[in-house]
Amino acid sequence: MCRTCAVCLFFMLFAGKTNCVTFQQIPSLLAKDNVTITCSHDDSSLQMMYWYRQKSDSTAMTLIGFGYPTTEQTYEDDFKQRFKLNRQGATKGDLTISKLLQSDSAVYYCAASMHSAACT
């Protein structure tokens, strides 16, 4: 499936309110050097965007990072070097992975939520 020096990346949709929010994310990608994964949804009240990675040998999802559209994004320790989160407003964001490694092969998820103080 994957060629030498290439990384297979698969993207899926993930949201807590799937009954009323539509997410858009590219379905799969084969990349060699750098990759940018885009994600968007249609509910502007869901300001916080999260990115997760799930490796093929695990059922666990690892948090990459998260953030609001108007603040600096927050990264987990293992993702501070080659991973970059960008926001283009309340409903759009992307994840860029630079200098891809074979170990980056995984399923990447985006998710969105309201601010925790707004939840009841």
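Cut-offs and rules
- Residues numbered from 1 in each chain as written.
- Predicted model: local features only at pLDDT ≥ 70, side-chain atom pairs only at ≥ 80, totals over all residues.
- Heavy atoms only, no water.
- Pairing = 2+ DSSP bridges.
- Helix = DSSP H or I, 4+ residues; strand = E, 2+ residues; numbered from the N terminus.
- Buried < 20%, exposed > 50% of the residue type's maximum accessible area, 1.4 Å probe, protein only.
- Polar contact = N/O pair within 3.5 Å; in protein donor to acceptor, adjacent residues only side chain to side chain.
- Phe/Tyr/Trp six-rings, centres within 6.5 Å; stacked < 30°, edge-to-face > 60°.

A. Highlighting the pairing of strand β9 (residues 92–97). Relative to β9, strand β4 (residues 35–41) runs antiparallel, the two being bridged by 6 bridges. Counterpart to V35 in the pairing with β9 is I97. Connecting the antiparallel pair strand β8 (residues 83–87) and β9 is a turn made up of 4 residues, with G89 showing a positive phi of about 100°.

B. Fine view of the environment of Q88. Here Q88 lies in the loop between β8 and β9. Given the relative accessible area of 41%, Q88 is considered partly exposed. For Q88 and P69, which are 19 residues apart along the polypeptide, the C-alpha to C-alpha distance reads 6.7 Å. Engagement of the side chain of Q88 in a polar contact is seen with the side chain of D94, the distance being 2.9 Å.

C. Region of the structure containing the packing of aromatic side chains. Applying the stated criterion across every chain yields a total of 3 aromatic pairs. Ring centres 6.4 Å apart and planes at 25° place the aromatic pair Y50 and Y52 in the stacked group. Judged by its relative accessible area of 18%, Y52 is buried. Between the aromatic rings of Y50 and F66, the centroid separation amounts to 5.9 Å while the plane-to-plane angle is 35°, which identifies the pairing as tilted. Of this pair, Y50 sits in strand β5 (residues 48–54) while F66 sits in strand β6 (residues 62–67); the two residues are 16 residues apart in sequence, bridging distant segments of the chain. You can call F66 partly exposed: its relative accessible area is 23%. Ring pairs connect the aromatic residues Y50, Y52 and F66, which therefore count as one cluster.

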